[in-house]
Structures are given as C-alpha cells and as structure tokens.
Amino acid sequence: MRFFIVHELVTSEGVRLRARADRHFVLSEAEELADVLDAVEGVEGVRVNPLVGSVLLLFAPDARERVLSALAEAGDALPDEASQPALAALRAGNDGVPELPAVPGESGDPGLWPLFRFLFLRPLLPPVLRIFSSLTGALPFLCKGVRELFHGRLNVDVLDAAAIGVSLLRRDFSTVTMLTLLLGLGETLEAWTRRKSLESLSESLALNVDQVWLLADGAEICVPLSQVREGDLVVVRDGGSIPVDGVVEDGEAVVNQASMTGEPLGVPRGKGASVYSGTVVEQGRLVIRAVHVGDGTRLQQVVAFIEQSEALKAGIQGRFERMADMAVPFTFGLAGLVWLLTRDPLRASSVLLVDYSCALRLATPLAVLAAMREGARHGVVVKGGCFLEALAEADTVVFDKTGTLTSAQPSVRDVVPAPGFERDFVLRTAACLEEHFPHPVARAIVRGAQDEGLQHEEEHAEVQYVVAHGVSSTLYGQKVCVGSRHYIEQDEGVRLDVLEDAIAGHTAEGHSLVYLAVDGRLAGFIAIEDPLRPEAASVVEELRRTGIRRILMLTGDDERTARAVASRLGITEYRAGVLPTDKAGVVEELTAGGCKVLMIGDGINDAPALSASHVGISMCGGADLAREVANVQLSSPDLRALLTARELGRRTLRRIHGNFGMTMVLNSLFLAGGLFSILSPGVSALLHNLTTLGVSLNAMRPHFSAEESRRALPAASGEAA
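Residues numbered from 1 in each chain as written. Predicted model: local features only at pLDDT ≥ 70, side-chain atom pairs only at ≥ 80, totals over all residues. Heavy atoms only, no water.

*Asks:* What should I look at first to understand the overall build of the chain in this one?
*Replies:* Each helix and strand counted, the chain has 26 helices and 24 strands in total. Residues classed as buried in the chain amount to 53% of the 721 residues present. In the chain, the proportion of contacts linking residues at least 24 apart, taken out of those at least 6 apart, comes to 67%. A total accessible area of about 31200 Å² is found for the chain, and carbon and sulfur atoms account for 56% of it. (Helix = DSSP H or I, 4+ residues; strand = E, 2+ residues; numbered from the N terminus. Buried < 20%, exposed > 50% of the residue type's maximum accessible area, 1.4 Å probe, protein only. Contact = heavy atoms within 4.5 Å. Areas by Shrake-Rupley, 256 points an atom, 1.4 Å probe, with all protein chains shown as cover.)

Listed below in structure tokens is the structure:
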C-alpha cells in the first residue's frame, strides 16, 4: 500500500498533514495504522478514515521526517493491491526524506491490464510460468483470508481464500488465475467508483488557490496559501477567490457567494462584513482579516463532510452486508455437508466456489456511491446512503412556506396606517428595526422604504429579537414592536380591531401581514406579497403521484392567510401561526404516528424541524444553519429538484433490490449445477464471478449512462422533463 500527501498546513498547533492511501482499509488495518503512527515521537493526534483511505496527522514541525518515514513503512507493511487504481492526490516535497510517489491512474483508467494479460499473454507462456503467475496472483488473497481468520472473523475474504486454496490443492491453476482476476476486477470497479464519486461530489468545492497577497507594513507581498495565519490581512481583487473565512477590514466589493449559499447574484460587502473561503470577488477590492484558515474554513468543513459521507450507510446496505457475512458460514457448512455425503471433492469445491456474499457486499455500496454522484450532477447533494433510503421511503412531506413554496423574494404590497398615524411613519419605523435581520420579509420592508426614499437612521436603543415573533426596541422614549399578529396581539396585548376590515381583505388575498405597535397602540401594518413559486402546485401534485400520502404546509402566517395559500397550491393540511419549536413538534408528532417524514425548508427557524425529520432537505440559498443541519442540499433554485431527489432515492432502492434478486436467483442456479455435477468448479466460479461483475456494473450504471440519467430523473432549473 502507498500513501500520497493531499495537503499540508502549518498552524499554531503544529503541522496538519492529510495523506490518502491507494485503497481503503479494513477496520483492523485502520486500527493498526493508527497505533503505529500514534507511537511516533512528536505526533500529537491521528485520525484514520478506513472508508476513504484517509489519514489526518497533527505533529510538531521537527517530527515531519519521522512521520513520513513511519507512514511509508506502514504502507510497506500493509498488503498492496495492485489491481486497484490510486486516488488522485497532490505530490509534495519532503526536504530530504524520500518523496512520496505520484498517484498512478489519475487519468481514470480502471486498471484492465490484468484482464489483457489473462486473455492474450497467459496462453503464450510456458506451463511453468503460468503456474508461477497463478501462485503469485493468489498469494495476496490467501494472506488476506488467513489474516482475517486469525482475527476471529469468518467473512468474505476467508471464503475467497478458501475457494482459491481448494483450487490450488486440486492443481486447477486456470481456475485460480480466473478467480484472482475476477476478484481483482471487482475490487478495481469498487475503488474506481468510490474515487470518481468522491471527486465528483467535491470537485465544485475545490479551492484552486496556491498564492495569496498579504498586506504587511503597508506593502502587499505574495506568499503561499499555506503560510497564511489567523489575523493576517489578505488582499483580494476582481475575479479572485477568497482563500479564508474572515472579516472585511477595508474596501468594498461585490462578492459571488454561489458556492456557499447558492445565490447566483453577487452581494455587496464592505467594512465589518463577513466573507467565506471559496467565494469570488466579482468587482472591487477587499482587505480581509483572516479568522479561519486551512481546514478551519467553512469550505473545508463542507469538503470534510463529503469525505465522511460514506460512513452514513443506508439501512439496506447494512442489512445486505450482514446477510453477506451470514452467508459465509452457510457456504462453508454446505460444502462440508456435500463432501460428507458424496465424498466428492469436485462437488464440494463447486459449492465453495459459488457464494452469495460477494455480490451482496459489493453491489450495494457501489449503487449508493453511484447514486450520490448522480445526485451531485443533478444539483442534489446527499450526505449519506441512509438518506437515499429515507427519500425513497418517505410517505409524508412537510413544507415550510416562506422561501420554499414561495420565491423568497417578497415585496411590500401595501402599507395601511391606523388612525392617528401616517403611512410613511409606519414603513420608515418598521424598516428602522428590521434592517438588522436577514429574513426575506425584513429585507422586503427595508427595500420598500429605500424605494420610496424614506430615510431610517438608527436612532433607537438596542434591538431585541424575539425568535419567530418579531422585533422590539425603544425609539424616542417609546416602546416600538414589529412582528406577527400573534406577537402584537397576544404577547404584547395590542388590539387590532381598528383595522380589522383591512386585515381581513389582505389576508383573503394571501398576503403576509407585519404589524407595528407603538406604546401599546396599533400604528398600522405592512402587507407583504411573496409570490408562490410557479412550479409549486405541480410539484405538490407530482409528489402525491409518487406515493406521498400526506402533504402539510407550516407557516407563521395567520389562519386566513395560510388557508388562502394552501388552497392555491392544492394542499389540504396546513398549520398556521407556528413557531420554530412548533415545527419540530409537528414533525415529531407525525413521526410518532408512524409517518416517515420528509421536511423541506430554508431558514434558521426550520433547523429544528429539519433535524427531527427522517430526511431534511434545504433549499438553494437557504440559511447556513439550515444547510448544515439538512441531510440533503438542493443546489438548484427550482423546487422540482425535490422531485429529482425523491426519484433518485427510489431508483437507487429499485437497483439495489434488483441486484439482490439477480444475485439470489443466478447463484442458486449455479449452486444447483455444481451439486448435480452439471457445472465443473471452474465454470461455476466463472459464472459466479461474472454475476458479481454484472450486478456491480448495474449498480454503477449512472457512471456510464449520463444521457439516460438525465432522461430518467425529473428535470429542474427549467430543463425539459
């Protein structure tokens, strides 16, 4: 096994180095590797991820040579699998230590040389060399099986080693070569799929910045990104990627944050504003004080989640893997029983060479990985295989209204003052308080005041934000409250009857109303129109067609507004006037009732409900917290991406179940053929391994049929379905 340096960063805590192997590890290898590296002098922390072959090390700067030497020695001690392609990684110099080698197979070649050698070169070799080639090819599989057996595990590796060992005892070297070839090809396909999937999921997040400009003592100097420290002043100009998370110290610019928020339009950023790694300065110049660098940036946290997403296995994947392990003792027992009854080693070896476990264990994770890659290609980022299964099995969908069913671009439709107050006062005062908050409704009020040329300088005391209710402050010695009807009428005790007719008229039209109260008196309200997404009604109808039994809408609006919106969308169940805790409570209530809930939202207030659901989905452009909590992220602003996610999960489960059925039927036929001496051990092994390759290729179909994938999945972003 060989390791390759992916990145290296010098921090105040020491050196952080991530290396990746040319294959993933089994758990025992990961534990052994962690123990070896942890024993190296100067190493302060080791984390090994066996599923992606990743090793993260934290060590003192003077321990670098020892760490690299220990890593190289550990790789030599672990068995190499030449048939597997290496994962693409960056090379790095070692200052005197032998340089870690470049990664082979970066072009994506799945390693078909062994097949070519078997078909075209082996027949030309003398018999002695053919036997030697069979023995050398079998040795790694035999060693792996013996090692697993010594660790007390009776699994697929032991079964493979037993099948190869029986063929060697029978001097059937042709079968030995064929077995090792097909096993190697299966592992090659698995490694290639894993590499391509992880690369595809993270390629859009890569920060391709090598050099950055630092401002030091009034002069700009160019330094490698690895030398940037927290507190440094980083200069970014037009077209440049921001390499750190930080705060703007000087300058103004328009920043495209699509990689972080999904919003396609640039946003202005000036002194005091926060900016994030991976976003791009479209116009202007910024001097940014670095707050987080390297692995601490939000971009790298997203990349880390992608690398760790394989650990979240689908329940069906775990079940099939347990079934695969359970099938191994059955195969051994059946082979032993056949030998006891027939005393025919040929029939017994035919049973041993046909088992169900290889295909069960290999095809399911390949299908999950291929589906995750397919989803990324269609703007659906799934954070783990278990959420693909949840997408397919969901029978209840819960929508948050604002920003999900609506376009999240609300505007002021009308301003209605109460007797004794002026219209401009209501809009100006509401904007004065709401300008502190990023909620779409707050932005609409501020924008409405700006469009009418109303100045709303900060002349009030500290603002108090009551989550999901409203805002209160003190202005000119008077208590001012802005918020929902529940907040103004019930919490603050303000009577609304003076404007009851106007309120009823606007709520009947589906407008959201924001109320303003001054010293306990209603000053007026602002009617907000948030247009429904044009595709929302059709998406609701299509969800029902795909088997969703219940569809609910949650909103903070009052009953009449909620009813009007729900009727326009064809939604029969809704909850009005809900708070963030209410949303999570609704989801928990549905779950307790046996529903499998899919929750979709975009705001900070939706985070508890997203977390409580079986699968939470965040919309493109949603709040950072919602995107982090959600299990699935939609990078398309079109709500039809929800249908894409749903169909992706359903197709993945259909493919997994189809592979399971194919494996059980075909391998049972091959097993029967061996028992009744219809098939020889060599033919049984060939057919069994071809079945394994077949279901693996079927699992990987999204990698090979992009055009078919585009036709099969519902279109989003305005594409034709």
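*Asks:* For this particular structure, what's the right way to read unusual backbone geometry?
*Replies:* With the exception of glycine, the majority of residues adopt a negative phi angle, and the majority of peptide bonds are in the trans configuration. At Asp-217, a position not held by glycine, the phi torsion is positive, near 55°. Looking at the secondary structure, you find Asp-217 in the loop between β5 (211-216) and β6 (219-224). Relative accessible area serves as the criterion here: at 86%, Asp-217 is assigned to the exposed category. One non-glycine residue with positive phi stands out, namely Asp-519, at about 50°. With respect to the helices, strands and loops of the structure, Asp-519 is situated in the loop between β18 (512-518) and β19 (521-529).

*Asks:* Quick question: what am I supposed to make of the environment of Gly-510 here?
*Replies:* Residue position: Gly-510 is located in the loop between α17 (500-508) and β18. Once the C-alpha coordinates of Gly-510 and Glu-529 are considered, the two residues, 19 residues apart in sequence, prove to be 7.7 Å apart. In contact with Gly-510, other than residues within four places in its own chain, are Thr-561, Ala-564 and Val-565.

*Asks:* What's the story with the pairing of β19 in this structure? I'm lost.
*Replies:* One face of the sheet, then the other: side chains in a regular strand alternate in exactly this way. With seven of nine residues buried, β19 lies mostly within the body of the structure. Bridge count for strand β14 (residues 411-417) against β19 is six bridges, and the pairing is antiparallel. Across the sheet, the residue bridging to Val-416 is Phe-525, located in β19. Where β18 meets β19, seven bridges bridge the pair, whose relative direction is antiparallel. From the neighbouring strand, Val-518 faces β19, where its bridge partner is Arg-521. The antiparallel pairing of β18 with β19 creates a hairpin that spans two residues between the two strands, and Asp-519 there sits at a positive phi of about 50°. (Pairing = 2+ DSSP bridges.)

*Asks:* Would you take a moment to explain the side chain of Glu-148 for this structure?
*Replies:* With respect to the element layout, Glu-148 can be found in helix α4 (residues 127-150). If sequence neighbours within four positions are ignored, Glu-148 has contacts with Val-26, Ser-28, Arg-153, Asn-155, Asp-157 and Val-158.

*Asks:* What is the right way to read the pattern of salt bridges from this model?
*Replies:* A pair can form between side chains of opposite charge whenever their charged atoms are brought close. Under the criterion given, the structure shown has 23 salt bridges. A salt bridge links Arg-285 to Glu-220, with the nearest nitrogen and oxygen atoms 3.0 Å apart. Here the residue Arg-285 occupies a position in strand β11 (residues 280-292), and Glu-220 occupies one in strand β6, the gap between them amounting to 65 residues. Residue Asp-424 pairs with Arg-423 through a salt bridge whose shortest N-O separation is 3.8 Å. Judged by its relative accessible area of 31%, Arg-423 is partly exposed. Overlapping salt bridges, with partners in common, bring together Arg-485, Glu-489, Glu-500 and Arg-560 in one network. (Salt bridge = Lys/Arg side-chain N within 4 Å of Asp/Glu carboxyl O.)

*Asks:* How should I be thinking about a negative patch on the surface in this particular structure?
*Replies:* Taken together, the side chains of Glu-31, Glu-32, Asp-35 and Asp-38 define an acidic patch exposed on the protein surface. Checked against the element boundaries, Asp-38 lands in helix α1 (residues 27-38). (Patch = residues over 30% accessible without salt bridge, like charges linked within 9 Å, V, L, I, M, F, W, Y side chains within 5 Å. Lys, Arg positive; Asp, Glu negative; His and termini not counted. Charge placed at Lys NZ, Arg CZ, Asp CG, Glu CD.)

*Asks:* Teacher, can you tell me more about the packing of aromatic side chains here?
*Replies:* Evaluated as defined, the whole model comprises two aromatic pairs. Where Phe-421 meets Phe-425, the ring centres are 5.9 Å apart and the plane angle is 25°; that geometry is what we call stacked. It is Arg-343 that lies over the ring of Trp-339; its NZ or CZ is 4.4 Å from the centre. (Phe/Tyr/Trp six-rings, centres within 6.5 Å; stacked < 30°, edge-to-face > 60°. Lys NZ or Arg CZ within 6 Å of the ring centre and 35° of its normal.)

*Asks:* Just to check I follow, could you spell out the sheet that holds strand β21 (residues 573-575) for this structure?
*Replies:* Within a sheet, adjacent strands bond to each other through the backbone by hydrogen bonds, running parallel or antiparallel. Taken together, the seven strands give an open sheet; going across it, the order is β12-β24-β23-β22-β13-β20-β21, and neighbouring strands pair in mixed fashion. Because the sheet does not close on itself, it has two edges, and the strands there are β12 (380-382) and β21. Across the sheet, the mean angle from the axis of one strand to that of its neighbour is 20°, orientation sign disregarded. Relative to strand β22 (residues 597-601), strand β13 (residues 396-400) is paired through four bridges, and the arrangement is parallel. Bridge pairing links Phe-399 to Ile-600 in β22. Across the sheet, helix α19 (residues 559-569) is in contact with β20 (550-554) and β21; its angle to β21 comes to roughly 150°. (Axes fitted to C-alpha atoms, helices over the stretch in contact; angles between N-to-C directions.)

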